[in-house]
Amino acid sequence: MISYPATGEAHRPGRIEVVCGSMFSGKTEELIRRMRRAQFAKQRVEIFKPAIDVRYSEEDVVSHDQKHIQSTPIDSSASILLLANDIDVVGIDEAQFFDDGIVEVCNTLANHGVRVIVAGLDMDFKGVPFGPMPALCAIADEVTKVHAICVRCGALAYVSHRKVDNDRRVLLGETQEYEPLCRECYQKATLG
């Protein structure tokens, strides 16, 4: 009898999956979808989000279309290692807001056999790579870039354009503060 190695969900080696893109592209919705599938498969899951993100809920991760899943708000990436004992799948939302230590945290978890699913903005409102996201994309086993639709022309969105006059890099907001734009519409909006 020939023996084959286990594959798929039955054999879950550690790995890092990154879901990135602009605002309103479905990053959090995809994170929730993957986490719910893991729960359905009876895997032990834990989801973390930055404590500063209280837009829809202080505790739950909530997508723009109001899908939600229970999470643990934290102030520091190091907290994840302390709170993720005996977990099969770790989800991390809004990773761009975490400190650079999130990269080593994700590597440590994956090296110990944990599936890590990270969602975050790849660029800020100026089109500049955002926080630890470029490094997370570099170490990921899989990167999924999702796209919103440009609200001005209908093309695939490139960036989250800030509509309000505020130059702070971190400004939590929704449709009143941000809109997804393609590259051409973004250049028109920012260059006048």
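Higher on the page you've got the structure.
Described below are features of the structure shown in this document. Treat the numbers as computed from the prediction; the structure is a model and nothing was measured.

Attention now goes to the overall build of the protein chain. If you tally the helices and strands in the protein chain, you get five helices and ten strands. Sequence separation of 24 or more characterises 71% of the internal contacts of the protein chain that already satisfy a separation of 6 or more. Carbon and sulfur atoms provide 51% of the accessible area of the protein chain, an area that totals close to 10100 Å².

Enumeration over the complete set of coordinates arrives at eleven salt bridges. Of the charged contacts, one joins R15 and E142 as a salt bridge, the two residues approaching to 2.9 Å between their closest N and O atoms. Pair noted here: R15 is in strand 1 (residues 15-21) and E142 is in strand 8 (residues 142-146), with a separation of 127 residues, a long-range link. A residue is classified by how much of its surface remains accessible, and E142, at 29% relative accessible area, is partly exposed. One salt bridge connects E179 with R152, and the closest N-O pair in it is separated by 2.6 Å. Of this pair, E179 sits in strand 10 (residues 178-181) while R152 sits in the loop between strand 8 and strand 9 (159-162), and the two are 27 residues apart along the sequence. Taking relative accessible area as the criterion, R152 reaches 46% and is therefore assigned partly exposed. Here the salt bridges do not stand alone but share partners, grouping R15, E17, E30, R33, R34, R115 and E142 into one network.

Glancing now at the pairing of strand 9. Here strand 9 shows two buried faces, one formed by V159 and H161 and the other by S160 and R162. Of the pairings in the sheet, the one linking strand 9 to strand 10 comprises four bridges and is antiparallel in character. Its bridge partner lying in strand 10, H161 is registered against E179.

With that settled, consider the environment of I102. Mapped onto the secondary structure, I102 falls in helix 3 (residues 102-111). As a C-alpha pair, I102 and S76 span 26 residues in sequence and 8.4 Å in three-dimensional space. Sequence-distant contacts of I102, that is, excluding residues within four places in its chain, are made with S77, I80, I92, P132 and L136.

This part takes up helix 3. Among all positions of helix 3, only I102, V103, V105, C106, L109 and A110 are buried. When helix 3 is viewed along its axis, its buried side chains cluster within an angular range of 165° and face the same direction. Against strand 1, helix 2 (78-83), strand 6 (89-92), strand 7 (115-121) and helix 4 (133-139) lie the buried residues of helix 3. G113 sits one or two positions beyond helix 3 and adopts a positive phi of about 85°.

Here the focus is the nonpolar core. Grouped together as the largest cluster of nonpolar side chains are 24 residues, with contacts concentrated most on I80, V90, I92 and L136. Looking at this core element by element, the count peaks at six residues for helix 3. Excluding residues within four positions of it along the chain, L136 makes contact with V18, A95, I102, V103, C106 and V118. If you look at the next biggest cluster of nonpolar residues, it comprises twelve residues, including V19, I32, I117 and A119.

Here the focus is the packing of aromatic side chains. Counted by the stated rule, this structure contains two aromatic pairs. With centroids separated by 6.0 Å and ring planes inclined at 85°, the aromatic side chains of F97 and F130 adopt a geometry described as edge-to-face. Of the two residues, F97 sits in the loop between strand 6 and helix 3 while F130 sits in the loop between strand 7 and helix 4, which places them 33 residues apart along the sequence. Each member of the pair, F97 as well as F130, carries the same accessibility label: buried. Against the face of F125 rests R162, its NZ or CZ located 3.6 Å from the ring centre.

Definitions and cut-offs
Residues numbered from 1 in each chain as written. Predicted model: local features only at pLDDT ≥ 70, side-chain atom pairs only at ≥ 80, totals over all residues. Heavy atoms only, no water. Helix = DSSP H or I, 4+ residues; strand = E, 2+ residues; numbered from the N terminus. Contact = heavy atoms within 4.5 Å. Areas by Shrake-Rupley, 256 points an atom, 1.4 Å probe, with all protein chains shown as cover. Salt bridge = Lys/Arg side-chain N within 4 Å of Asp/Glu carboxyl O. Buried < 20%, exposed > 50% of the residue type's maximum accessible area, 1.4 Å probe, protein only. Pairing = 2+ DSSP bridges. Arc of directions from axis to C-beta. Core = buried A, V, L, I, M, F, W, Y, C linked by side-chain atoms within 4.5 Å. Phe/Tyr/Trp six-rings, centres within 6.5 Å; stacked < 30°, edge-to-face > 60°. Lys NZ or Arg CZ within 6 Å of the ring centre and 35° of its normal.

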